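Examining the three-dimensional arrangement
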Amino acid sequence: MDDNILEMRSITKTFPGVKALEDVSLTVRRGEVHAICGENGAGKSTLMKVLSGVYPAGSYDGEIVFDGDVCRFSGIRDSEHVGIAIIHQELALVPYLSIAENIFLGNERRGRGGLINWNKVNAEASELLESVGLRENAITPVGQLGVGKQQLVEIAKALSKDVKLLILDEPTAALNDTDSAHLLGLLRTLQERGITSIIISHKLNEITAIADNVTIIRDGKTVETLSLHAGEVTQDRIIRGMVGRDLESYYPERESHPGEEVLRIEDWAVKHPTQDRLVVDHASFSVRAGEVVGIAGLMGAGRTELAMSIFGRSYGRHVSGQIFMHGKEVRTRTVTEAIDNGIAYATEDRKKYGLNLIEDIRRNVSAAGLGKLSRRGWVNSNEETKVAESSRKSMNIKAPSVSSIVGKLSGGNQQKVVLSKWLYTDPDVLILDEPTRGIDVGAKYEIYTIINDLVAAGKAVVVISSELPELLGTCDRVYTLSAGRITGEVPVREATQESLMALMTKERELAA
Amino acid sequence: MTRTVPPQAGQTPPNADFTPTPAGQSGSGDLREFLRSNLRTSGIYVAFVAIVALFAFLTDGTLLSAGNVTNLVLQYSYILVLAIGMVIVIIAGHIDLSVGSVVALTGAVSAVLVIDRGLPWWVGILAAIAVGLLVGAWHGFWVAYVGIPAFIVTLAGMLLFRGLTLQVLDNVSLSPFPAEYREVASGFLNGLLGGYGYDTFTLVIGAIAVAGYAVSNWRSRAARVRYGQPVESLALFVLKVVAVGAVVMAFAWQLANARGLPIVLIILGVLAIAYGLITKNTVFGRQVYAIGGNLSAATLSGVKVKAVNFWIFVNMGFLSAVAGVIYSSRSNGAQPAAGEMFELDAIAAAFIGGAAVTGGVGTVVGAMVGGLIMAVMSNGMSLLGVDQSIQSVVKGLVLLLAVAFDVYNKRRAGAAR
């Protein structure tokens, strides 16, 4: 009667000095959508690596039973062979190859004489694309697709291998709402075809919407498996399991006392670096001391482009616009000028643009403020250590010492390092681009607390986010951005998700 | 007061009756503890000591004999100079394939001025350095401001400057340099303080170096204590200083017993200390590592990437010129084919010394030890009469294994999460 497609029993995986997984068990029923929740670093990804054979049999203790057989995978090929496919957070597609070539990469359909019959391959690929609801030509290079569509190509690739169990690691982290909805709908469709899915996600609303069961992992141990059918399990209930405590609220309380205006942008227009179109279309906005201002916009609305072009013209070609700090016009033509004028910008992709992952905490914290740590070009490395050490304590960065390599920290702690770096430059205004992306619930709360401390100390903060609840929970005012234009300015107590969304999509409807 | 040596490789020195000094051996329990805590960076030193010990044993101590130690310094100095510049280029994520050609060109310019035109020796040196700086600025311009990958720019430079060398020399070798010029690579400082069969001056300089090392280490340790930083135990600290002191003094003793302190060793020592400090303790040095570690993050942290990249190549040009002067001085002339394959030796030294192919990792000291490993192997094998072809095979394998070991180490460290 119990038809379990997968049972992982008492999995224990130890790395030198760290017990990543301890006695973890996971049971997945055939044909269900099973969610795995846990804070970053809880061991979700490690568990999936054990399952998919990245960590070969023998490197862990415990037993994997798939489809009734005990499995001992020595590599990904083995797990793929029995029908397990894993789609990682970072997509593994080759941008210059076509969709069809990517789908059959490593699994090429060879015809007579070992040659590939491209017509046949493309036809097969088209069928697969149809089954995942992607209307694209199979010979289109993958690099021309958006992230959402690439995700679908990955799924089509998995389907081409007759997958029985599909594992998705944070599939919607980089997707907008439409693409996310499509992807989750697709999981339902696949479910009807008898394909079981495991989905790892931080987005609890998605989990409660789509999953049949959810297994919660905390500190490398299974906490519980909850059935979501009865409808009694709420997001709060899952969070309690993940963090082991009740979060009174997602967002810490803050009293708002806005002061003088710090930053004002007027008539800011920026062109795409290569195309002749405005990405930021004559935008104006301002922030006051002690105030958190949100910028809401869908993907492609120009949020990041707006911020980066202000921050030392790091994006696009400048067309027009002025920047005023404390009422006086300033130039920010280079990053150095922007920093000198008291502007700091924490990027949305901290691994790619924010951190030197192979260096330690100390050198990352000092990276933007070396001028303050040096005399005539010579760095005072003891002072540097002191600064980093005090950041580590005040920001509660969880690492044994400031000599820990940043690449090995969890997302939340990496973000705290980024914030430490910018705080050391002592800016007047901080622009935080997706400050909590890919960060677990507990660390998110800490980041919000840090933001509150900053405005309490009289800083001005701009938060760019695609999560509307986050903006509503942290900001005083929200600007909406659509197709590069500011389409609205709403005090947060008058704003709802619906009203913001209406403003964020305004321009598009006009254009349509 | 000074003598010069003909530049033949692998000469067997006359006084071969010699027992290995403590420099060749290591391995007390405390030391192992210390090394383990610094394993990532210490692997290279262990390997160096092992290779020295191996060849000292195979050559019955000849490798560490007074005359041969001196020869080692004279023979490989220019590669070590190049390795310093190269490791900085590599840390920033670039490569320089042109240094061999630049060594030839700078030597050629110097030779034309001094030998052909009869200008004073120092004019030749200054002109060579000016040419090196110009070449560096040329590379820096294309890499930093135009954005062409350094591999391409310096590959072009390799051809370009080799061609210019032939032009400058009109396709013939020039020789000989005046005695003053030859002093740079083959001269010695000795007898300044007298001595009894050995040179006191060399020993005094060695002692000053050891004292300087001890004092600067003590001061940085004291500063760390002041800032509440963890430091190694006092016993371990003393052990470290004594060990380094013993090695340096043994080395100085061997030099003192031969011909005294080579001038080129002084040049090398000054460069090593200066660049060690620049890479470790200056804003410029930090920015080099930041660029190599994550270019985008460095840009968005306010690092002036273009300027830093430009000066990295200007500096490489400068050090190529220094190597060019040393090499032309040592070979007592300029040849059209001078410096061929030097770039590969310098690159190999940097990688054996722990630099990462992807940039962001590496040290000046590491690169110099990497260069010394190559030097000791070539020299040792020459002493043993190993054929050049086999030497090349062995060096190739050592380079491959050194990087493989590094990759393996990193993977093991990376598996921790």
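Residues numbered from 1 in each chain as written. Chains lettered and ligands numbered in written order. Predicted model: local features only at pLDDT ≥ 70, side-chain atom pairs only at ≥ 80, totals over all residues.

The number of helices and strands found in chain A is 18 helices and 22 strands. For chain A, whose C-alpha radius of gyration is 24 Å, the value lies close to the compact-globule estimate of 24 Å for 512 residues. The burial tally for chain A puts 47% of its 512 residues in the buried class. The contacts in chain A between residues at least 6 apart in sequence include a share of 67% that link residues at least 24 apart. (Helix = DSSP H or I, 4+ residues; strand = E, 2+ residues; numbered from the N terminus. Rg over C-alpha atoms; globule rule 2.2 N^0.38 Å. Buried ≥ 20, exposed ≤ 12 C-beta atoms within 10 Å, placed from the backbone. Contact = placed C-beta atoms within 7 Å.)

A tally of regular secondary structure across chain B gives 16 helices and two strands. Residues classed as buried in chain B amount to 47% of the 417 residues present. The long-range share in chain B, meaning contacts at least 24 apart out of those at least 6 apart in sequence, stands at 80%.

Within soluble globular proteins, side chains that are nonpolar tend to cluster in buried spots. Residue and element names in this part refer to chain B. Counting 261 residues, the largest nonpolar core has Leu 82, Ala 83, Met 86, Val 87 and Ala 350 as the members making the most contacts within it. The leading source of residues in this core is helix 3 (residues 66-91), at 16 residues. Not counting chain neighbours up to four residues away, the residues in contact with Ala 83 comprise Ala 346, Ala 349, Ala 350, Ala 367, Met 368, Gly 370 and Gly 371. (Core = buried A, V, L, I, M, F, W, Y, C linked by C-beta atoms within 7 Å.)

Residue and element names in this part refer to chain B. At a minimum axis distance of 10 Å, the contact between helix 3 and helix 10 (residues 263-281) shows a crossing angle of 15 degrees. By the angle class used here, helix 3 and helix 10 are roughly parallel. For helix 3 against helix 10, the interelement crossing comes out left-handed. From helix 3, Val 73, Leu 74, Ser 77, Leu 80, Val 81, Ile 84 and Ile 88 reach across to helix 10, where they touch Val 264, Leu 265, Leu 268, Leu 271, Ala 272, Tyr 275 and Thr 279. Considered class by class, the residues forming the contact of helix 3 with helix 10 number twelve nonpolar, two polar and no charged. (Axes fitted to C-alpha atoms, helices over the stretch in contact; angles between N-to-C directions. Parallel < 35°, antiparallel > 145°, perpendicular 65-115°, else oblique. Left-handed = near helix turned anticlockwise from the far one by under 90°. Nonpolar A, V, L, I, M, F, W, Y, C, P; charged D, E, K, R; others polar.)

All names here are of chain A. Where strand 21 (residues 477-482) meets strand 22 (residues 485-491), six bridges bridge the pair, whose relative direction is antiparallel. Residue Leu 481 lies in a different strand from strand 22, and its bridge partner there is Ile 486. Following strand 21, the chain reverses through two residues before pairing antiparallel with strand 22; Ala 483 in that reversal takes a positive phi of roughly 50 degrees. (Pairing = 2+ DSSP bridges.)

Facing the 25 residues of chain B at the interface are 29 residues of chain A. For the side of chain B that touches chain A, the secondary-structure elements that each account for two or more residues are helix 8 (200-226), helix 11 (283-293) and helix 12 (295-299) of chain B. With six residues, helix 11 of chain B is the largest single contributor of residues to the side of chain B that touches chain A. Its residues placed into classes, the side of chain B that touches chain A shows eleven nonpolar, ten polar and four charged.

We now examine helix 4 (residues 99-116) of chain B. Residue and element names in this part refer to chain B. Across its 18 residues, helix 4 extends 24 Å between first and last C-alpha, which sits within 8% of the 26 Å expected from 1.5 Å per residue. Buried residues dominate helix 4, accounting for 15 of its 18 residues. One or two steps after helix 4, the chain reaches Gly 118, where phi turns positive at roughly 70 degrees. (Expected span 1.5 Å × (residues − 1).)

Glancing now at the pairing of strand 11 (residues 261-271) of chain A. Residue and element names in this part refer to chain A. Where strand 11 meets strand 12 (residues 278-288), seven bridges bridge the pair, whose relative direction is antiparallel. Bridge pairing in strand 12 places Leu 263 opposite Val 287. Judged from the seven bridges that link them, strand 11 and strand 14 (residues 317-325) form a sheet pairing that is antiparallel. Looking at the pairing, Arg 264 lines up with Phe 324 of strand 14.

So, on to the confidence of the model for chain B. Should the pLDDT be low somewhere, the predicted coordinates at that spot are not to be read in detail. Residues and elements named next belong to chain B. Predicted confidence across chain B gives a mean pLDDT of 85, with 88% of residues reaching 70 or more. In this model residues 1-29 is a low-confidence stretch, pLDDT under 50, and it forms 55 contacts with partners more than four residues away in sequence or in other chains. Of the two predicted TM-score estimates for the complex, the pTM is 0.78 and the ipTM is 0.78. (pLDDT = per-residue confidence, 0-100.)

A separate point is the sheet that holds strand 21 of chain A. Residue and element names in this part refer to chain A. Strand order in this open sheet of six strands is 16-19-20-13-21-22, and the pairing throughout is mixed. Because the sheet does not close on itself, it has two edges, and the strands there are strand 16 (343-346) and strand 22. Each neighbouring strand pair of the sheet contributes to a mean axis angle of 20 degrees, computed without reference to strand direction. Where strand 16 lies against strand 19 (residues 429-433), four bridges are found, and the strand directions are parallel. Pairing of Ile 343 across the sheet is with Val 429, part of strand 19.

With that out of the way, let us pick up unusual backbone geometry. Residue B:Pro176 follows B:Ser175 across a cis peptide bond; omega there is -10 degrees. Tracing the sequence through the fold places B:Pro176 in the loop between helix 6 (150-169) and helix 7 (179-186). The phi dihedral of A:Asp23 falls on the positive side, at around 55 degrees, and the residue is not glycine. Within the element layout of this structure, A:Asp23 appears in strand 2 (residues 18-29). On the basis of neighbour count, A:Asp23 is assigned to the partly exposed category, with 14 C-beta atoms found within 10 Å. Backbone geometry places B:Asp60, a non-glycine residue, at a positive phi of 55 degrees. Take B:Asp60: it is sitting in the loop between helix 2 (39-58) and helix 3.

Looking now at the sheet that holds strand 14 of chain A. All names here are of chain A. Spatial strand order, 12-11-14-15: four strands in an open sheet with antiparallel pairing. Single-partner strands in this sheet number two, and they are strand 12 and strand 15 (328-330). Neighbour to neighbour, the strand axes of the sheet diverge by 15 degrees on average, direction disregarded. The strands touched by helix 9 (residues 303-310) within the sheet are strand 11, strand 12 and strand 14, with strand 12 carrying the most contacts at an inclination of about 70 degrees.

A separate point is the environment of B:Gly354. Residues and elements named next belong to chain B. Structurally, Gly 354 is set in the loop between helix 14 (342-352) and helix 15 (364-383). Along the primary structure Gly 354 and Ala 402 are separated by 48 residues, whereas in three dimensions their C-alpha atoms are 8.1 Å apart. Ignoring sequence-local partners within four residues, the contact set of Gly 354 consists of Ile 44, Val 361, Gly 362, Thr 363, Gly 366 and Asp 406.

Attention shifts here to the environment of A:Val163. All names here are of chain A. In this fold, Val 163 is placed in the loop between helix 5 (147-160) and strand 7 (165-169). The exposure class assigned to Val 163 is buried, which follows from the 20 C-beta atoms found within 10 Å. Between the alpha carbons of Val 163 and His 81 there is a distance of 8.8 Å; along the sequence they are 82 residues apart. If sequence neighbours within four positions are ignored, Val 163 has contacts with Gly 83, Ala 85, Ala 158 and Ile 195.

This next bit is on the packing of helix 10 of chain B against helix 11 of chain B. All names here are of chain B. Closest axis-to-axis distance for the helix 10/helix 11 pair is 5 Å, and the angle between their directions is 65 degrees. Relative to helix 11, the element helix 10 lies roughly perpendicular. Side by side, helix 10 and helix 11 meet where Ile 278, Thr 279, Lys 280 and Asn 281 of the first sit next to Phe 284, Gly 285 and Val 288 of the second. When the residues that make up the contact of helix 10 with helix 11 are grouped by side-chain class, the tally is three nonpolar, three polar and one charged.

In this section: the environment of A:Leu204. All names here are of chain A. Within the element layout of this structure, Leu 204 appears in helix 7 (residues 204-210). Sequence-wise, Leu 204 and His 229 are 25 residues apart; in three dimensions their C-alpha atoms are separated by 15 Å. The contact partners of Leu 204, leaving out residues within four places of it in the chain, are Gln 235, Ile 238 and Ile 239.

All names here are of chain B. By the criterion of burial, helix 14 is predominantly enclosed, with ten of the eleven residues buried. Considered for burial, the residues of helix 14 that qualify are Phe 342, Glu 343, Asp 345, Ala 346, Ile 347, Ala 348, Ala 349, Ala 350, Phe 351 and Ile 352. Where helix 14 ends, the next residue or the one after it, Gly 354, has phi of about 100 degrees, a positive value.

Attention shifts here to the confidence of the model for chain A. Summing up the model confidence of chain A, the mean pLDDT is 86 and the portion of residues at 70 or higher is 96%. Predicted confidence is poor over residues 508-512 of chain A, with pLDDT under 50, and the contacts of this stretch with residues over four places away or in other chains come to two contacts.

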